[in-house]
Amino acid sequence: MRAGSKNGRPPTRVLVVGGGGREHAIVRCLLRSPRHPDVIAAPGNAGIARDQVPCADVAADDVEGIVRLARERACDLVIVGPEAPLVAGVVDALADAGISAFGPSAAAARLEGSKAYAKELMQEVGVPTGAYAVFHERGEAVAHLAQASYPVVLKADVLAAGKGVVIAEDEQEAREALDAFFVERRFGPTAVVIEEFLTGRELSLFALCDGERAVPMTPAQDYKRIGDGDEGPNTGGMGSYSPVPGIEPEHVRVLSRLVHQPIVDALRRRGTPYHGVLYAGLMITGSGPRVLEYNCRFGDPETQAVLPRLRSDLLDALERCARPGGLEGARFEWSSSWAVAVVLASRGYPESATKGDQITGIDSIDSLCTEVLHAATAEKGAQLVTAGGRVLCVTGLGETAGEARDRAYEAADRIEFDGKQMRRDIGARAVEAVGA
Ligand code: AMP
Ligand code: GLY
């Protein structure tokens, strides 16, 4: 039975698939909707459950289990957070069951699933991207390395959670990467994309898409390396901020016409229309923007900085994406506040992750100006404990970049667990750029 709402109609029931910080940010944003949807999550996490949102014990990539759950709970909309179920076809399976979903079909999600496919499509429609070549066997790739300029970028053509990208400083390192991909088969059988190394500033730009049009969201900046000053290995993302100094709304519109709309147009022509969020990972180089990659889902932790700034209704926007042409006339409203999101990771991350460490200091931090979003936490008796690599993400909001940053760190410093790792310089670039 569903609880009745004030106008007598049952509230919209939404299933959020996934259990990371991104999904907690999505859930929080849905809970702010004026329509008061009935939100459930699968598998969710301890923070989502603490927000009184029921969490079903179904893994995000269990496609059949997700469809069964959505059917049993009579969900009106399924919002898919991570890429794996999208690439595996969860949206197609939901459509077959007559259930509306936010996210691309498997055919459209190939944009993230295959870097070679994304590159070919970019080349076909004229989206600016680095020069590249695709190799299916080691011999030809080795020959290519002899005449490449260094550094060079090598990418396994599979979903590898960010770990399939190697920036090789010289031919020796590049050969080692080829061995890992072709001989060790570290990511299973895969083709390899070898790509020109680009320099500049990275930028994450999401657009919501309804199969016909792409409507850009506010820009965000991600921090990929584990250490301050961008030192050390790549991670899933150690922090983010939004907006991005120098990227004004008119630049966003121009960028989106350059990198999102041609892809949406091409996929519609191919009969595989793109619905959902199209995330362009950009490098703003001295000779203009270049697309590094497309993702078929929201970025993590960029979402934790972007969604707290959304003033218009997320539920309405995501529902519109599911309908062909549904975004006509849509406008998203953004708060003028700054948001800085700091990730708290466990000892050993990104190579490994410790689990079961007691988390203290977290209660009473959530406020209008600070959101504590859970990524890998668990309840152990009455105690909250760590449960994976990226444990929490603390988002501070403020009138200035400096205020947002200070609020995020003030809260992040109050939270303790054994082995806590966090960068100290998240948002510093924005603070320097705007001088506040
Ligand atoms: P990707 O998964 O393709 O976005 O690559 C992960 C990260 O590797 C990016 O966020 C960049 O920091 C870096 N990267 C990828 N491609 C390039 C490139 N062509 N030039 C320089 N850095 C790159
Ligand atoms: N923050 C990078 C990603 O979500 O892929």
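Before reading on, note that the structure itself is shown above.
Please read these numbers as outputs of a predicted model, since none were measured by experiment.

Caption draft 1: Representation of the pairing of strand β17 (residues 370–374). Most of β17 is tucked away, with 5 of its 5 residues classed as buried. Taking every second residue as pointing to the same face, both faces of β17 are buried, with T370, V372 and H374 on one and E371 and L373 on the other.

Caption draft 2: Layout of the site of ligand 1. Inspection of the region around ligand 1 gives 14 residues, with K155, E195, L198, E202 and E293 positioned closest. At 2.8 Å from a nitrogen atom of ligand 1 is found a side-chain nitrogen or oxygen belonging to E195. Relative to its free-state accessible area of 470 Å², ligand 1 is covered by the protein chains to the extent of 93%. Of all the secondary structure elements, the ones that give two or more residues to the shell around ligand 1 are β6 (152–156), β7 (165–168), β8 (192–196) and β14 (288–295). Classifying every residue of the shell around ligand 1 by side-chain character gives 7 nonpolar, no polar and 7 charged.

Caption draft 3: Main features of the sheet that holds strand β19 (residues 383–387). Taken in spatial order, the 3 strands of this open sheet run β16-β19-β18, and their pairing is antiparallel. Single-partner strands in this sheet number two, and they are β16 (355–358) and β18 (377–380). Direction aside, neighbouring strands of the sheet carry axes that sit 40° apart on average. Sheet analysis places β16 next to β19, joined by 2 bridges and oriented antiparallel. Residue pairing for β19: Q358 is matched across the bridge by V385.

Caption draft 4: Here's a closer look at the pairing of β18. Looking at chain direction, β18 and β19 are connected through 4 bridges and run antiparallel. Each bridged residue has a counterpart across the sheet, and for E379 the counterpart in β19 is L384. Following β18, the chain reverses through 2 residues before pairing antiparallel with β19; G381 in that reversal takes a positive phi of roughly 65°.

Caption draft 5: Examining the site of ligand 2 more closely. Every residue near ligand 2 is listed here: D222, G236, Y279, N295, R297, G299, D300, P301 and E302. At 2.8 Å from a nitrogen atom of ligand 2 is found a side-chain nitrogen or oxygen belonging to D222. Between a nitrogen atom of ligand 2 and a main-chain N or O atom of G236, the distance comes to 3.5 Å. Within the shell around ligand 2, the residues separate by chemical class into 2 nonpolar, 3 polar and 4 charged.

Caption draft 6: Quick peek at the packing of aromatic side chains. For the structure shown, the criterion picks out 5 aromatic pairs. Ring geometry for F102 and F298: centres 5.9 Å apart, planes at 20°, overall stacked. Of this pair, F102 sits in strand β4 (residues 101–102) while F298 sits in the loop between β14 and α12 (302–306), and the two are 196 residues apart along the sequence. Owing to a relative accessible area of 2%, F102 belongs among the buried residues under this scheme. Ring geometry for F206 against F298: centres 5.6 Å apart, planes inclined by 75°, an arrangement best described as edge-to-face. One end of the pair, F206, is in strand β9 (residues 201–210); the other, F298, is in the loop between β14 and α12, with 92 residues separating them in the sequence. Each member of the pair, F206 together with F298, is buried.

Definitions and limits used
- Residues numbered from 1 in each chain as written.
- Chains lettered and ligands numbered in written order.
- Predicted model: local features only at pLDDT ≥ 70, side-chain atom pairs only at ≥ 80, totals over all residues.
- Heavy atoms only, no water.
- Buried < 20%, exposed > 50% of the residue type's maximum accessible area, 1.4 Å probe, protein only.
- Helix = DSSP H or I, 4+ residues; strand = E, 2+ residues; numbered from the N terminus.
- Near = heavy atom within 4 Å.
- Polar contact = N/O pair within 3.5 Å; in protein donor to acceptor, adjacent residues only side chain to side chain.
- Areas by Shrake-Rupley, 256 points an atom, 1.4 Å probe, with all protein chains shown as cover.
- Nonpolar A, V, L, I, M, F, W, Y, C, P; charged D, E, K, R; others polar.
- Pairing = 2+ DSSP bridges.
- Axes fitted to C-alpha atoms, helices over the stretch in contact; angles between N-to-C directions.
- Phe/Tyr/Trp six-rings, centres within 6.5 Å; stacked < 30°, edge-to-face > 60°.

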